[in-house]
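Below are the chains, spelled out letter by letter.
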Amino acid sequence: MAFLEIFMDEEIERYLTAYQEAQSAENNRQLVVALLNADLYTDALSYANEQPEAYITGENQQIYLNLLLHEANFVLAREFVLALPANQALMELVLAAEGDYELNFPQTLKQVSRAFYHLSEYALPEQNRRLQAALKLPFKDFVLGAKFNLLDPFGSQITRTSLLDHLRKLAVTSPIKFLWLDQKEHEIVPARLIEMEQETISQAIEVEIAALNDPLLSDNLKQVNQYLLINLYPYAKEVITDVQQWVRGVTADLQGESMFDEPELQRNMRQKILAELNTL
């Protein structure tokens with residue numbers, strides 16, 4: 001980070017060293033507070049984002065929320081507040097901050113909104129950069145842009161999954177239409193979606209990979225499977241009907257071999273995703 005290359009007071013240096021040696025929740029909070037005391041908000045938020053779970057209780061909630069709002073990260077602020085059990089008072093702070101920003105920076109919001117549309121015109125790294133910038137939009141503007149991108153026929157499934165996940169965290173209760181791998185329109189209620197890692201099919205595959213008892217192969221399988229599940233979200237369980245054969249199939253694909261006794265749908269969908277990966 002830039003400030004570290006130029007200047008670092010003794011307190012920040014002490015807490016940074018402690019955090020680098022042991023990345024505990026307490027060390028994270030101490031470093032973040034030290035950075036806040038030096039008005040280094042961007043750096044403080046960067047470190048806080050490494051361990052947001054360190055800020056879910058008591059006065060720590062306010063520290064993290066204030067950081068998000070100071071940096072105009074309205075989408076992440078809403079997601080954080082909605083994940084807390086009692087959140088009405090904190091949500092009012094988010095609403096007020098959004099209103100103030102809309103009033104004082106209308107041109108900035110227009111520019112960010114415009115950049116959020118037509119993500120498919122850019123390569124994946126640039127899509128991700130523009131999506132991250134869009135997290136600074138107020139709720140209604142972000143949802144509107146997300147809806148547009150979810151129906152873009154040239155859109156990336158990776159980006160669509162990211163958008164769906166944000167809408168899930170934002171507890172959007174109205175039906176949303178989106179294009180999936182089959183290039184057909186589907187309709188879901190984001191608030192009813194399950195986090196990808198918590199889906200039973202994801203957990204079953206993880207167990208199957210662990211049972212291989214081959215650390216190197218397992219690491220490779222986890223990485224490829226993660227990419228596949230992101231592309232299949234939220235319909236992985238409809239595609240993967242035989243977990244054991246799925247893991248065997250991914251293994252065969254990694255080793256350049258063929259499998260013929262696997263359910264046709266899951267094999268074809270997996271190979272479609274991997275073929276598109278090779279074109280990126």
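Our subject is the structure listed above.
Here is a short report on the structure shown in this document.

Calculation notes
- Residues numbered from 1 in each chain as written.
- Predicted model: local features only at pLDDT ≥ 70, side-chain atom pairs only at ≥ 80, totals over all residues.
- Heavy atoms only, no water.
- Phe/Tyr/Trp six-rings, centres within 6.5 Å; stacked < 30°, edge-to-face > 60°.
- Buried < 20%, exposed > 50% of the residue type's maximum accessible area, 1.4 Å probe, protein only.
- Helix = DSSP H or I, 4+ residues; strand = E, 2+ residues; numbered from the N terminus.
- Salt bridge = Lys/Arg side-chain N within 4 Å of Asp/Glu carboxyl O.

Inspection of the entire model under this criterion finds 9 aromatic pairs. Ring centres of Y55 and Y64 lie 5.5 Å apart, and the angle between their planes is 25°; this geometry places the pair in the stacked category. Both residues of the pair, Y55 and Y64, count as buried. Ring geometry for F116 and F142: centres 5.4 Å apart, planes at 15°, overall stacked. One end of the pair, F116, is in helix α8 (residues 106-116); the other, F142, is in helix α10 (residues 139-150), and 26 residues separate them in sequence. The residues F116 and F142 share a single accessibility class, namely buried. Aromatic ring contacts, followed pair by pair, group Y55, Y64 and F80 into a single cluster.

A full pass over the atoms with the stated rule returns 12 salt bridges. Between R78 and E98 there is a salt bridge, with the nearest N and O atoms lying 3.0 Å from each other. Linking R78 in helix α6 (residues 74-82) with E98 in helix α7 (residues 88-104), this pair joins segments that are 20 residues apart in sequence. Assessed through its relative accessible area of 12%, R78 is described here as buried. The network of salt bridges with common partners includes E126, R129 and R130.

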